[in-house]
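So the chains spell out like this:
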Protein chains: 2
Amino acid sequence: MIDVVLGADIGGTNTVFGLVDLEGTLHMSWSIPTKSSEPAEKLIERMKEVIDAADLSANNFNLIGIGAGAPNANYYTGYVENPPNLEWGTVDLKGIFQNQFSLPSAITNDANAAALGEMLFGAAIGKKDFIEITLGTGLGSGVVVDENVVYGKSGFAGELGHVIVIENGRKCGCGRNGCLETYASASGIRRTAFEVLANKTEKSLLRDISFNNLTSKSIYDAAEAGDKLALEIFERTGEILGKALANATAYLSPEAIVLFGGLADARHFIFEPTIKYFNQNLLPIFKDSCEIIPSKLPASTAPILGSAALIWKELNKSQIEESA
Amino acid sequence: MIDVVLGADIGGTNTVFGLVDLEGTLHMSWSIPTKSSEPAEKLIERMKEVIDAADLSANNFNLIGIGAGAPNANYYTGYVENPPNLEWGTVDLKGIFQNQFSLPSAITNDANAAALGEMLFGAAIGKKDFIEITLGTGLGSGVVVDENVVYGKSGFAGELGHVIVIENGRKCGCGRNGCLETYASASGIRRTAFEVLANKTEKSLLRDISFNNLTSKSIYDAAEAGDKLALEIFERTGEILGKALANATAYLSPEAIVLFGGLADARHFIFEPTIKYFNQNLLPIFKDSCEIIPSKLPASTAPILGSAALIWKELNKSQIEESA
């Protein structure tokens, strides 16, 4: 029998989950519709049915725990608090998992799960102090200090996407102005693209694309084709991100900052300016103590691996405590 | 016999040290000249002579450890690395203490020591996640996560004074521009005072004081006397500090931010604007989870208490580990 945990990522549209062993191998995985208007219990019931139908023991799997990533998940309380895309209200998600499966369970948000996945299975193996930055529609982050995710008093620490980087800057979904994620994220770089297209007169492949059709990928493709404005858009994005990460280093002095997600897939176009402005703005005593590196988690399975890492870490911790 | 530790604060001019018990009572204390041109060994020898002369056992004291705060002290390595006001170069200060006293020793910088003092003996008793801000000539800080000071990879985490808050802002001693401490510190508020005096035309008590003679205390006295420009100087200082602390909360979600030092002694003049702008700029999920409070450490003995707290925490930790 192989010990595995269930890693689950609950999104507004779909919920993906799979069986992950201690080495990070994903053995089986599934995707089901979340049905955001149904209560949370129904979703977990449907997940249980899928798992039961897979007949784990006949397949030599021994399920020993559940880890789940969900929006607005509070690791401490186990509650999900008014998730934006789910009509759940505030619900004891950890308790629901424990009731359904009678197994140790833990929940956190997707960026913290990504950080844990990176630490157990990805680019941060062996690293004690690092920051995971997820560059998706928004900018999420997981802060790891001495091998533990920082949750803080509220349970919601590590909101680097909502550090205000430009006084009276761009309007953010949070209601304030100038948050980092309005510049450094898939939607942020799109806004920068339109700002650059507005301010400059040079021809650009991007002038044929509407705001709604523009993606990080289109800017990447244009940059690959040598489009000067596309390069400038990456430069400006990397400047703001690099400066913000230099400030983050003054707080935490991490040994690495790991960039994950669609925008990080633009590789040298985003890494080069980010690293350049990071180094230019770093306090001298932190020079050469922190590297900015790409994630090593596969984009498609990272959410499952991250959630699985969350519960693997809990299970290992309790084993260490028992044997002490 | 009463168990006590030696808490020491090594400054460029004087070194103060004293005997502190587990409750934070300071039983005896001394101050000797540091003699910055002498090697570190000489200073520790002179400290040892003072302690020996005090005949601790005859006075019923049992000395069990040494904690020291020093500029550029690295907690991990035990080395002090090129302290700005001491001609020591890089030296194994922890090792020197251990050799001289044959007792467990630990060193850190003064802001981290202040944070530990606050946690064991001051305003942060019982708090697991908080930030200590020392508002002296510069702005120092100690970040505490889950009851431990965050040192990070370099050993120098928690440099909030060198977070860049104003792009292309005031020149900082670190060589960069716009660092928080160029605005929020005793020297920062003096610069703000001169900026306000330059920009405005109103009469002010402060117009009779030269830059070199101006102190936080003179601005406080003017504010007490109802001087409008003095109030505006505090308002601007609190605005920049409050916004920076709101950003700090996005990283760490502390339950408290403790303000210590000369500028914090301006009480409501600095606390009111700081708290106002802090709350105005806080991400909504952190509302009401963090309070900004004054230190409860006595200004005169805080450096000794903080350094003593450092080694008390180490000694307690090893006791807990031994009994596990």
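Refer to the structure above for everything that follows.
Residues numbered from 1 in each chain as written. Chains lettered and ligands numbered in written order. Predicted model: local features only at pLDDT ≥ 70, side-chain atom pairs only at ≥ 80, totals over all residues. Heavy atoms only, no water.

Enquirer: Give a description of the overall build of chain A that names residues and reports values.
Expert: Helices and strands together make up the secondary structure of chain A, namely eight helices and twelve strands. Since a compact globule built from 324 residues should have a radius of gyration of about 20 Å, the 20 Å found for chain A is in line with a globular shape. For the C-alpha atoms alone, the extent of chain A along its principal axes is close to 65 × 45 × 35 Å. Accessible surface, chain A as shown: approximately 13,200 Å² in total, 48% of it carbon and sulfur. Of the side chains in chain A, 26 bear a positive and 39 a negative charge, and the two mean positions are spaced by 8 Å. (Helix = DSSP H or I, 4+ residues; strand = E, 2+ residues; numbered from the N terminus. Rg over C-alpha atoms; globule rule 2.2 N^0.38 Å. Areas by Shrake-Rupley, 256 points an atom, 1.4 Å probe, with all protein chains shown as cover. Lys, Arg positive; Asp, Glu negative; His and termini not counted. Charge placed at Lys NZ, Arg CZ, Asp CG, Glu CD.)

Enquirer: So what about the sheet that holds strand β1 (residues 2-10) of chain A? Which residues, and what values?
Expert: Where strands meet in a sheet, backbone hydrogen bonds hold them as pairs that are either parallel or antiparallel. All names here are of chain A. Taken together, the five strands give an open sheet; going across it, the order is β3-β2-β1-β4-β7, and neighbouring strands pair in mixed fashion. Single-partner strands in this sheet number two, and they are β3 (26-33) and β7 (105-108). Across the sheet, the mean angle separating the axes of adjacent strands is 20° when strand polarity is ignored. By the bridge criterion, six bridges tie β1 to strand β2 (residues 14-20) in an arrangement that is antiparallel. (Pairing = 2+ DSSP bridges. Axes fitted to C-alpha atoms, helices over the stretch in contact; angles between N-to-C directions.)

Enquirer: Residues and numbers for the nonpolar core, please.
Expert: Ranked by size, the top nonpolar core spans 106 residues in total, and within it A:Phe234, A:Leu259, B:Phe234 and B:Leu259 carry the most contacts. Look past the residues within four positions of B:Leu259 in its chain and what remains in contact with it is B:Ile133, B:Leu135, B:Leu241, B:Leu245, B:Ala264, B:Phe271, B:Ile292, B:Ile293, B:Pro294 and B:Ser295. (Core = buried A, V, L, I, M, F, W, Y, C linked by side-chain atoms within 4.5 Å. Buried < 20%, exposed > 50% of the residue type's maximum accessible area, 1.4 Å probe, protein only. Contact = heavy atoms within 4.5 Å.)

Enquirer: So what's going on with the pairing of strand β11 (residues 256-260) of chain B? Which residues, and what values?
Expert: Residues and elements named next belong to chain B. In terms of residue burial, β11 counts as a mostly covered element, since five of its five residues are buried. Residues Ala256, Val258 and Phe260 of β11 are buried on one face, and the alternating residues Ile257 and Leu259, pointing to the opposite face, are buried as well. With five bridges connecting them, strand β8 (residues 130-135) and β11 associate as parallel partners. Each residue of the ladder has a partner; that of Thr134, found in β11, is Phe260. In terms of strand pairing, β11 meets strand β12 (residues 291-294) through four bridges, oriented parallel. Residue Ile257 lies in a different strand from β12, and its bridge partner there is Ile292.

Enquirer: Quick one: what's the story with the pattern of salt bridges, residue by residue and with numbers?
Expert: What the rule picks out here adds up to 26 salt bridges over all chains. Salt-bridge contacts for B:Lys243 lead to A:Glu167; the nearest nitrogen and oxygen are separated by 2.4 Å. Of this pair, B:Lys243 sits in helix α6 (residues 228-252) while A:Glu167 is found in the loop between β10 (148-149) and α4 (186-199), placing the two residues in two different chains. Looking at A:Glu167, the relative accessible area reads 47%, which means it is partly exposed. Between B:Arg46 and B:Glu38 there is a salt bridge, and its shortest N-O distance comes to 3.7 Å. Through salt bridges with shared partners, a single network forms among A:Arg170, A:Glu195, A:Lys200, A:Glu232 and A:Arg236. (Salt bridge = Lys/Arg side-chain N within 4 Å of Asp/Glu carboxyl O.)

Enquirer: Before we move on, can you summarise the sheet that holds strand β9 (residues 139-145) of chain B with the specific residues and values?
Expert: Residue and element names in this part refer to chain B. An order of β10-β9-β8-β11-β12 is seen for the five strands of this open sheet, with the pairing classed as mixed. Either end of the sheet is taken by a strand with one partner, and the two such strands are β10 (148-149) and β12. In this structure, β9 lies alongside β10, joined through two bridges in antiparallel fashion. Along β10, the bridge assignment pairs Val145 with Asn148.

Enquirer: Can you tell me about the relation of the copies chain B and chain A, naming the residues and giving the values?
Expert: Structural alignment of chain B on chain A gives an RMSD of 0.0 Å, achieved by rotating through 180° and translating 0.0 Å along the axis. In short, the pair behaves as if placed about a two-fold rotation axis. Of the interface residues in chain B, 100% have counterparts in chain A that sit at the interface too, so the contact is made through matching surfaces. (Least-squares fit on C-alpha atoms with pLDDT ≥ 70 in both.)

Enquirer: Lay out the interface of chain B and chain A with the relevant residues and their values.
Expert: At the junction of the two partners, chain B supplies 37 residues and chain A supplies 37 residues. Roughly 3,100 Å² is buried in total at the junction of chain B and chain A, and carbon and sulfur atoms are behind 62% of that figure. Of all residues in chain B, the largest losses of buried area upon contact with chain A belong to B:Lys153, B:Tyr251 and B:Leu283, amounting jointly to 23% of the total for that side. Where chain B meets chain A, there are four salt bridges. In this structure, the salt-bridge partner of B:Lys153 is A:Glu255, at a minimum N-O distance of 3.9 Å. At the junction of chain B and chain A, the tally comes to 16 residue pairs in polar contact (both at pLDDT 80 or more). (Buried area = accessible area lost by both parts, 1.4 Å probe. Polar contact = N/O pair within 3.5 Å; in protein donor to acceptor, adjacent residues only side chain to side chain.)

Enquirer: Summarise unusual backbone geometry; cite the residues concerned and give the values.
Expert: Its identity as a non-glycine residue notwithstanding, A:Arg267 has a phi of 40°, on the positive side. A:Arg267 gets classed as partly exposed once you look at its relative accessible area, which sits at 46%. Residues other than glycine seldom take positive phi values, yet B:Ser102 does so here, at roughly 50°. Assignment of secondary structure puts B:Ser102 in the loop between α2 (93-101) and β7 (105-108).

Enquirer: Describe the side chain of B:Arg176, with residues and values.
Expert: On the secondary structure map, B:Arg176 appears in the loop between β10 and α4 (186-199). Put simply, B:Arg176 is tucked away with no salt bridge, and the nearest opposite charge, on B:Glu159, sits 8.1 Å away. Among the polar contacts made by the side chain of B:Arg176, one reaches the main-chain carbonyl oxygen of B:His162 at a distance of 2.6 Å. Discounting chain neighbours no more than four positions away, the residues touching B:Arg176 are A:Asn281, A:Leu282, A:Leu283, B:His162, B:Ile164, B:Arg170 and B:Lys171.

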